[in-house]
Amino acid sequence: MKSAIVATEFDVAGRLVNVQPTGSGNVNDTYMAVFRTHFSEERFILQKINSNVFPNPVQVMENMRTITEHVHRRLEETDEDADRVWQLPRIIPTRNGQDYLLDEEGEYWRAITLIASAKTHDCPQSVEHAHEAGTVLGHFQRMISDIPVGTLHDTLVGFHVTPSYLEKYDKAFATELGQRRALVSTSSRFCKRFIERRGGWCSVLEDARESGELQLRPIHGDPKISNIMIDDFTGKGTCIIDLDTVKPGLIQYDFGDCMRSCCNPGGEETQDLTEIYFDTDLCEAIISGYMSHADEFLTEADRHYLFDSIRLITFELGIRFFTDYLEGDVYFKTQYDSQNLNRARAQFRLCESIETRESQIRRALDRR
Ligand code: GN1
Ligand code: MG
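Computed from a prediction, not measured in an experiment: that's the story for all the values here.

Looking at the magnesium ion (ligand 2), one finds its protein donor set to be D222 (OD) and D242 (OD), positioned 2.0 to 2.1 Å from the metal centre. One end of the pair, D222, is in the loop between β8 (217-219) and β9 (228-231); the other, D242, is in the loop between β10 (237-240) and β11 (247-249), and 20 residues separate them in sequence. Under the relative-accessibility criterion, D242 is labelled partly exposed at 25%.

Here it is, written out as structure tokens:
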């Protein structure tokens, strides 16, 4: 169904004047809608949830409701002492009071408020930016740390469980298309070898979870740099967006994902591999921001796995991109043919750089 028709189903005053695509997400379709009354204008974010990725969009919305209500309540309680205005989008209901709209084609849509006067970036802009990204993640994890984990649905079973991505890779590789794509180019053969050499180590976090050393907690699930908003006026982080993947998980998944995306000056999409490396100055800045909030809830065991999580989530995203390439680009959105292969290569290059800098990164983590 057309985004313009859907937009008018949500409870916003005035007349629709524009809807256009926005953001750089790889999964959902995101639009900005503009409504005008005779005296003002309201902008909001309209999204079609990708039901190929999220099998149960209703549960995604229930998690989003739980999280946003909880965080808004906590933010109000601590408002006076905060060193900045913390924000989090609110769900805009439909005119019938529902949290989502199910269209005639069976697609789920939702509307959320726009965090105005703030921006996201696809790559780190400065050491200060990295510090703010770490601060925002630590703050968000702290705000949700007292939600009983059992009240959140597991909306994406196996999300960030690296051994399950490895199994999926093996299956994709065994198909005719997978075989052809995996062996066709130097890049794909590099990716294949890269995965084979590290496969044995990839259960490091899941082993710790199974042994009880690490526990499931509420997590964001996707705290990459382009989901962290920086206030235009103060330059400080104000908000983390994209709450689809908030669910039970290991906080290491979040930490690793934030690190891999914020410490890579080249970003996820560059085809110039020389731009990609793990920047340890940015890493130190993130750690200092993150720890200013996370010190409160991290256990000794949590700390023990922080380095592994950086290396692992980078490796894992490489496997996920490469598997999608082998499957014929069915999960992540692409704009050109071998985009998922290039994305995989970029993450593996970053993973190598993380491995080379292991002792420096561990020292930075130990200093806290
Ligand atoms: C996807 O859709 P988006 O861009 O927020 C993916 C993340 C990846 C990210 C890499 C549900 O996030 O796990 O880290 O791409 N989300 C899902 O850019 O798979
Ligand atoms: Mg996301």
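As a further point, take the packing of aromatic side chains. One pass over the structure, following the stated rule, counts 14 aromatic pairs. Residues F35 and F44 carry aromatic rings whose centres are separated by 5.6 Å and whose planes lie at 35 degrees to one another, so their mutual orientation is tilted. Judged on exposure class, the residue F35 and its partner F44 are both buried. Each ring, one from F315 and one from F348, has its centre 6.0 Å from the other, and the planes form 45 degrees; the classification is tilted. Taken together, the positions of F315 in helix α11 (residues 306-326) and F348 in helix α12 (residues 339-356) put the pair 33 residues apart, joining distant regions of the chain. Comparing F315 with F348 shows no difference in burial state: the two are buried. Above the plane of the ring of Y325 lies R181, whose end atom (NZ or CZ) is 4.6 Å from the centre. Here the basic side chain of R198 rests over the ring of F194, its NZ or CZ set 3.6 Å away from the ring centre.

Of the pockets and cavities examined, the largest pocket occupies roughly 940 Å³. Residue lining of the largest pocket: 49 residues in total, with G25, S226, N227, I241 and D242 positioned closest to the centre. Among the secondary structure elements, those contributing two or more residues to the lining of the largest pocket are β2 (29-36), β3 (41-49), α2 (57-78), β6 (108-113), β7 (118-119), α8 (251-262) and α11. Element by element, the count of residues in the lining of the largest pocket is highest for α11, at five residues. Class assignment of the residues belonging to the lining of the largest pocket gives a composition of 21 nonpolar, 16 polar and 12 charged. For the lining of the largest pocket, the two domains that each supply at least three residues are domain 1 (1-114) and domain 2 (116-368).

Right, let's get into empty space enclosed by the protein. Scanning the model with the defined rule gives two cavities of 30 Å³ or more in all. Approximately 60 Å³ is the volume found for the largest cavity. If you go around the largest cavity, the residues you meet are V71, L75, W86, Q87, L88, V136, H139, F140, M143, T238, C239 and I240. If you list the elements that add at least two residues to the lining of the largest cavity, you get α2, α3 (127-144) and β10. Residue composition of the lining of the largest cavity, by class: nine nonpolar, three polar and no charged. Counting only domains with at least three residues in the lining of the largest cavity, you end up with domain 1 (1-114) and domain 2 (116-368). Taken as a whole, the second largest cavity spans an internal volume of roughly 40 Å³. Taken together, Q141, S145, R217, P218, I251 and F297 form the lining of the second largest cavity. Each residue belonging to the lining of the second largest cavity can be placed in one class, and the counts come to three nonpolar, two polar and one charged.

The next point concerns the domain arrangement of the protein chain. According to the domain assignment, the protein chain consists of domain 1 (1-114) and domain 2 (116-368). On a C-alpha basis, the centres of domain 1 and domain 2 stand 25 Å from each other. Of the residues lining the interface, 31 residues belong to domain 1; the matching set on domain 2 comes to 40 residues. Surface buried jointly by domain 1 and domain 2 totals about 3100 Å² across both partners, of which 54% is contributed by carbon and sulfur atoms. Across the domain 1-domain 2 interface, the total number found is five salt bridges. Between D83 and K236 there is a salt bridge; the shortest N-O distance is 3.8 Å.

How each quantity is defined
The numbers attached to residues start from 1 for each chain and follow its sequence in the written order. To label them, take the chains in the order written and letter them from A, then take the ligands in the order written and number them from 1. This being a predicted model, a pLDDT of at least 70 is required before a residue's local features are given, and a value of 80 or more before pairs of side-chain atoms are given or counted; all residues contribute to the totals for chains, interfaces and linings. The side-chain values count all of the structure's non-hydrogen atoms but skip hydrogen atoms and water molecules. With water omitted from the atoms examined, metal sites may look incomplete; donors here are N, O and S atoms no farther than 2.8 Å from the metal, or 3.2 Å in the case of Na, K and Ca. Secondary structure counts use DSSP, requiring at least four H or I residues in a row for a helix and at least two E residues in a row for a strand, with both numbered from the N terminus. A 1.4 Å probe rolled over the protein chains alone gives each residue an accessible area, and that area as a share of the maximum for its type sets the label: buried under 20%, exposed over 50%, partly exposed in between. Side-chain rings of Phe, Tyr and Trp, where Trp is taken by its six-membered ring, are said to pair if the distance between their centres is within 6.5 Å; with planes under 30 degrees apart they count as stacked, over 60 as edge-to-face, and otherwise as tilted. Charge-over-ring placement is defined geometrically: NZ (Lys) or CZ (Arg) within 6 Å of the ring centre, and within 35 degrees of the ring normal. The distinction between a cavity and a pocket rests on a 1 Å grid over the protein atoms alone: a 1.4 Å probe fits inside a cavity but cannot get out, while a pocket stays open yet meets protein on both sides within 12 Å along at least five of seven lines, and a residue with an atom within 4 Å of a point counts as lining. Grid points are joined across faces, edges and corners, and a volume is the space filled by probe spheres set on the points. Each residue receives one of three labels: charged for Asp, Glu, Lys and Arg, nonpolar for Ala, Val, Leu, Ile, Met, Phe, Trp, Tyr, Cys and Pro, and polar for the others, Gly being one of them. Domains are outlined according to an automatic or database domain assignment. Residues are treated as being in contact if the distance between any of their heavy atoms lies within 4.5 Å. Simply put, the buried area is the total loss of 1.4 Å probe accessible area from both parts when two parts are fitted together. We count a salt bridge whenever a side-chain nitrogen from Lys or Arg sits within 4 Å of a carboxyl oxygen from Asp or Glu.

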